[in-house]
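# Coordinates in review
Chain by chain, the residues:
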Amino acid sequence: MPLVNSCEAHACAYNTDHSCHALAITVGDEPRAHCDTFFGSETAGGDPVQTGHVGACKMSDCEHNVHLECQAPGINVGYVENQVDCLTYAPA
């Protein structure tokens, strides 16, 4: 599973110092490549010693998507129009 190399969603329960600690995130729900796992909470979530991975991607039109699985070596997550999105998304 691809690593979440960085995440700018500081308000997410799984984010600590630009790093995602959810064991696996889900990306997308067309037409947006948003992070479905984003969860705003003051309670820290995830495994603090693990780096997040992409478990599933619903963006079938992305060049990195094969059978709804991300094949990019890693992704970056950040803000697009005030939404938390996969910044690695690239239309095929």
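For the structure, see preceding data.
These remarks concern the structure in this document. This one's a predicted model, so the numbers in the text were calculated from it and none came from an experiment. (Residues numbered from 1 in each chain as written. Predicted model: local features only at pLDDT ≥ 70, side-chain atom pairs only at ≥ 80, totals over all residues. Heavy atoms only, no water.)

## As for the overall build of the chain
Using the following cut-off: Each helix is a run of DSSP H or I of at least 4 residues and each strand a run of E of at least 2, with the numbering of both proceeding from the N terminus. Each residue gets one of three labels from its accessible area relative to the maximum for its type: buried under 20%, exposed over 50%, partly exposed in between, using a 1.4 Å probe on protein chains only. Residue contacts are defined here by distance: any two heavy atoms, one from each residue, within 4.5 Å place the two residues in contact. The Shrake-Rupley method, run with a 1.4 Å probe sphere, supplies the accessible areas, and residue values consider only the shown protein chains as cover.
A count of helices and strands for the chain gives 0 helices and 10 strands. Expressed as lengths along the three principal axes of its C-alpha atoms, the size of the chain is roughly 35 × 25 × 15 Å. Within the span of the chain, comprising 92 residues, buried residues form 37% of the whole. Nonlocal contacts in the chain, meaning residues at least 24 apart in sequence, comprise 66% of its contacts between residues at least 6 apart. Surface exposure of the chain reaches about 5200 Å², of which carbon and sulfur atoms provide 52%.

## Let's talk about the side chain of asparagine 65
Here asparagine 65 shows up in strand E7 (residues 65-66). Among all residues touching asparagine 65, those that are not within four sequence positions of it are Cys57, Lys58, Met59 and Ser60.

## Quick word on the environment of threonine 51
In this structure, threonine 51 sits in the loop between strand E5 (32-35) and strand E6 (54-57). Overall, the relative accessible area of 33% leaves threonine 51 in the partly exposed class. As for threonine 51 and cysteine 20, which are separated by 31 residues in sequence, their C-alpha atoms are 5.9 Å apart. Every residue in contact with threonine 51, bar those within four places of it in the chain, is listed here: Leu3, Val4, Cys20 and Ala22.

## Quick notes on the pattern of salt bridges
Heads up, the rule is: When a carboxyl oxygen of Asp or Glu lies within 4 Å of a side-chain nitrogen of Lys or Arg, that pair is called a salt bridge.
Going through the model one piece at a time under the given rule, you end up with 3 salt bridges. The partner of aspartate 85 in a salt bridge is arginine 32, with the nearest N and O atoms 2.5 Å apart. In this pair, aspartate 85 sits in strand E10 (residues 83-86) while arginine 32 sits in strand E5, placing the two residues 53 residues apart along the sequence. The exposure class assigned to arginine 32 is partly exposed, which follows from its relative accessible area of 23%.

## With respect to unusual backbone geometry
Peptide bonds are trans in most cases, and residues, glycine excluded, mostly fall at negative phi. In this chain, glutamate 30 is followed by proline 31 through a cis amide linkage whose omega measures 20°. Within the secondary structure, proline 31 is located in the loop between strand E4 (25-29) and E5. One non-glycine residue with positive phi stands out, namely histidine 18, at about 70°. Structurally, the position occupied by histidine 18 is in the loop between strand E2 (15-16) and strand E3 (19-20). The class of histidine 18 is partly exposed, set by a relative accessible area of 37%. Located in the positive-phi region is histidine 67, a residue other than glycine, with phi close to 55°. Within the secondary structure layout, histidine 67 lies in the loop between E7 and strand E8 (69-70).

Spatial relationships are all this shows, so hold off on functional conclusions.
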